[in-house]
Amino acid sequence: MASDEAPTPAADRIRVVGKWVGALEVDLGAWTVPMLRAEVARRVGDGVEPDRVGLIFGGRVLKDDPPASLREAGLKGNSKVLCSLTSPDRAKEIAAEAAKAKAEEEHAARLVRLWDAAKALSQRHTDGSFLEDEDYNLDLEDQSGQKVMFGSVEDMKALKMALMLHQKGKTQMKRKMYKEALDVLTMAEEAFSLCDSKLIEKVDNVPMLQLDIVWCYFVLRDVSCLEVAGTRLEKARVGFERSHGKDSSRFRVLQAGRQADLAIYVRLELLEGVVAYYNGHAERARGSLTSAQAKYLQLQVPDEAISMLMDMGYEARSAKRALKMTGYDIRSSVDLLCEEREKKIRRREEDRERQREILEQMRYGRTPMNKAVDLQKLKGLTTIGFEKYLAAEALRINENDAEKALDLLTNPEQNCILQSKIQAKRSRASREIGAGSSSSRAAAARTAHINNAQASVSAPQHAADGNAPPLTGDGNAPPLAGDVNAPPLAGDGNAPEGNDADGNLPEGNDADGNPLEGNDAQLLDSEEAMINEETENEDVAMTDEVAVDDEHSNSNPVPARDVSMESELAHDLTGDALDDYDIDVSDEGQAIAEYLSLLEPAASS
């Protein structure tokens, strides 16, 4: 900093020794360490950059961060400061080290935020609690789209947490952020370890995670992880055999003979071959790589087959995926594409129904423990003749305990008191609406937000993409897809392929971005109109009758949220049942050819 730009100097004087010797008049209360550093650099001359100047006072190095005043840094009148001058290269090294340390600190902080956000989401979306400003709901589903409820509540929480973290890691892998992905995948492994071991042995999410971790090792060329990579691949092989059956026999039966898992085994056998190669087992490496190459060739889809499906109106990416998973069989590919389209339409209908349920729950308010009113228990009480809002309030104040709520409703005195309170709240809400109260406007705004969001509540099957890979049951049980479902936005804030800028499907298109055929489009249009009409009516009802109870305010306030990180995690979940199996194996193909060529000299000798 030039001296004519410095603050007007006060009577304070400091002495500088070292690379430059002299006295400086400064304002100790106004000057900062960077200002002093810049002034000393100017006095040294020769175009010296300020970051090359080191300042030492009282046996300690004066740092720029935080930019405190010289007085706060401990300097007084006549203080002596030692200045040194580093070489240009050393200065760059110091700056690079500082930048690296800062980046590592930020990365560590982000990982902590990611873990905490996943934990908060898994707990909130397992115990029935909800927040009005969320536009998504997380559920686990099997491959057929049915909700999965197994294990204890703690197992469900840990499983949802693990699947969300696994999906986040998969998303980073797709963006070639393998180092960052490895840290997140390691956290997902820790979350899986919190589940009952017998529970996760039934699913292929964990072996899929092991495979993803080793793939990151391979892409990063981390030879130091060679030994642990071999162990992880052994676990993956055993896990896939347990869930898919010997030679994928069970998986083929459940998938109607399709080979959706073929790309997984290309990657697995490639990595097994690489580990064997570096361990000096040439024959074993050649066997694994040859098998991987054969499977890789099966996944090379002829352009003519893709063109045939595109002529039928299917998008190129979807057509190619279907062909890969059916062995280029056109009829089977069309059947698969039709099945996927039907699932997406059905899921969209289910999501809308869940949206209606969330809106209804919002009208009844939260329990003292910040939970939503249990609609199944509410249905049970209304079935035996109790008025809906009366039963909902009884459940709300009794923390969804149906027996206590029934006791309250069947007690004439308490029932009368409850009715009086509900009527008083409705009257108060009506007066606030007449006065244009801010609370009423806020309730309406929240309702509109949820209506516009159309949060996706269901998803097919993979942990890696926000959905769990097929959680394969034991024996005769169908593969279960631990699908965590959320809104259709990518974690980076970008809309997935086929979606618009808001993450919503383009109007008139299906989830693949394909134009809906006549009946499908008319069905969705008519449903959209019906829902808009219903939600408009619900907006008025919610604003009019929202459950507000000053006397029974929540004793457990909602903890602070990391909204951006929660949204990033939730919006990563795609709801695509086959996404984990839809692996682009072009990199694997190149690696197979590379390592087979390395084995040729050994074979010839």
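Calculation criteria
- Residues numbered from 1 in each chain as written.
- Predicted model: local features only at pLDDT ≥ 70, side-chain atom pairs only at ≥ 80, totals over all residues.
- Heavy atoms only, no water.
- Helix = DSSP H or I, 4+ residues; strand = E, 2+ residues; numbered from the N terminus.
- Buried < 20%, exposed > 50% of the residue type's maximum accessible area, 1.4 Å probe, protein only.
- Contact = heavy atoms within 4.5 Å.
- Areas by Shrake-Rupley, 256 points an atom, 1.4 Å probe, with all protein chains shown as cover.
- Core = buried A, V, L, I, M, F, W, Y, C linked by side-chain atoms within 4.5 Å.
- Salt bridge = Lys/Arg side-chain N within 4 Å of Asp/Glu carboxyl O.
- Pairing = 2+ DSSP bridges.
- Phe/Tyr/Trp six-rings, centres within 6.5 Å; stacked < 30°, edge-to-face > 60°.
- Lys NZ or Arg CZ within 6 Å of the ring centre and 35° of its normal.
- Axes fitted to C-alpha atoms, helices over the stretch in contact; angles between N-to-C directions.
- Parallel < 35°, antiparallel > 145°, perpendicular 65-115°, else oblique.
- Left-handed = near helix turned anticlockwise from the far one by under 90°.
- Nonpolar A, V, L, I, M, F, W, Y, C, P; charged D, E, K, R; others polar.

The name that an unreviewed UniProt entry assigns to the chain is NEDD8 ultimate buster 1, with the source organism given as Urochloa decumbens.

## Side note on the overall build of the chain
Helix and strand counts for the chain come out as 21 helices and 7 strands. Classification of the 605 residues of the chain by burial places 49% in the buried group. Put simply, 70% of the contacts in the chain that link residues at least 6 apart link residues at least 24 apart. Accessible area for the chain stands at about 29,000 Å²; split by element, carbon and sulfur atoms hold 51% of it.

## Comments concerning the nonpolar core
By size, the foremost hydrophobic cluster in this structure holds 92 residues, and its most contacted members are Leu165, Phe192 and Tyr581. Broken down by element, the residue count for this core peaks at 11 residues, all from helix α9 (residues 262-278). The next biggest cluster of nonpolar side chains, apart from the first, holds 22 residues, and it includes Trp31, Val53, Phe57 and Leu62.

## Points about the pattern of salt bridges
Between side chains of opposite charge, a pair can form when the charged atoms approach closely. Taken as a whole, this structure holds 27 salt bridges when the rule is applied. Note that Glu25 and Arg13 form a salt bridge whose closest N and O atoms lie 3.2 Å from each other. Here the residue Glu25 occupies a position in strand β2 (residues 22-26), and Arg13 occupies one in strand β1 (residues 12-18), the gap between them amounting to 12 residues. For Glu25, a relative accessible area of 41% puts it in the partly exposed group. Notably, a salt bridge pairs Asp572 with Lys168, separated by 3.4 Å at the nearest N-O pair. On the criterion of sequence distance, the pair formed by Asp572 in the loop between α20 (563-571) and α21 (586-604) and Lys168 in helix α3 (residues 153-174) is long-range, its members being 404 residues apart.

## Brief notes about the environment of Ile592
As for its position among the elements, Ile592 is in helix α21. Under the relative-accessibility criterion, Ile592 is labelled buried at 1%. The spacing of Ile592 and Leu289 is 303 residues in sequence and 6.1 Å in space, taken between C-alpha atoms. Each residue touching Ile592, except ones within four places of it in the same chain, is listed here: Val266, Leu270, Leu289, Ala292, Gln293 and Tyr296.

## Let's talk about the environment of Arg242
Mapped onto the elements, Arg242 comes out in helix α7 (residues 226-244). Taking relative accessible area as the criterion, Arg242 reaches 40% and is therefore assigned partly exposed.

## Some words on unusual backbone geometry
Backbone geometry at Lys176 places phi at a positive 65°, although glycine is not the residue there. A residue is classified by how much of its surface remains accessible, and Lys176, at 54% relative accessible area, is exposed. Even without glycine at this site, Asn400 takes up a positive phi of about 65°. Summarising the element assignment, Asn400 is placed in the loop between α15 (388-397) and α16 (402-410).

## Thoughts on the pairing of β1
By the bridge criterion, 5 bridges tie β1 to β2 in an arrangement that is antiparallel. The partner of Val16 across the bridge, within β2, is Gly22. The hairpin turn running from β1 into β2, its antiparallel successor, is 3 residues long. In this structure, β1 lies alongside strand β5 (residues 80-85), joined through 4 bridges in parallel fashion.

## Concerning the packing of aromatic side chains
Applying the stated rule across the entire model yields 7 aromatic pairs. Taken together, the ring pairs in this structure connect Trp215, Phe218, Tyr277, Tyr278 and Tyr595 into an aromatic cluster. Over the ring of Phe218 we find Arg221; its NZ or CZ atom is 4.8 Å from the centre of that ring. The ring of Trp215 carries the charged tip of Arg267 above its face, separated from the ring centre by 4.3 Å.

## A word on the sheet that holds β2
Pairing is mixed in the open sheet, where 5 strands are placed in the order β2-β1-β5-β3-β4. Only two strands of the sheet have a single neighbouring strand rather than two, namely β2 and β4 (60-61). Those strands touched by helix α1 (residues 33-44) are β1, β2, β3 (53-57) and β5, and its axis lies near 120° from that of β3.

## Looking at the packing of α15 against α16
Where α15 meets α16, the closest approach of the two axes is 8 Å, and the angle between their N-to-C directions is 125°. Classified by the angle their axes make, α15 and α16 are oblique. Every pair of crossing elements has a handedness; the one defined by α15 and α16 is right-handed. Taking contact as the criterion, the partners of Leu390, Ala391, Ala394, Leu395 and Ile397 in α15 are, on α16, Ala402, Ala405, Leu408 and Leu409. Considered class by class, the residues forming the contact of α15 with α16 number 9 nonpolar, no polar and no charged.

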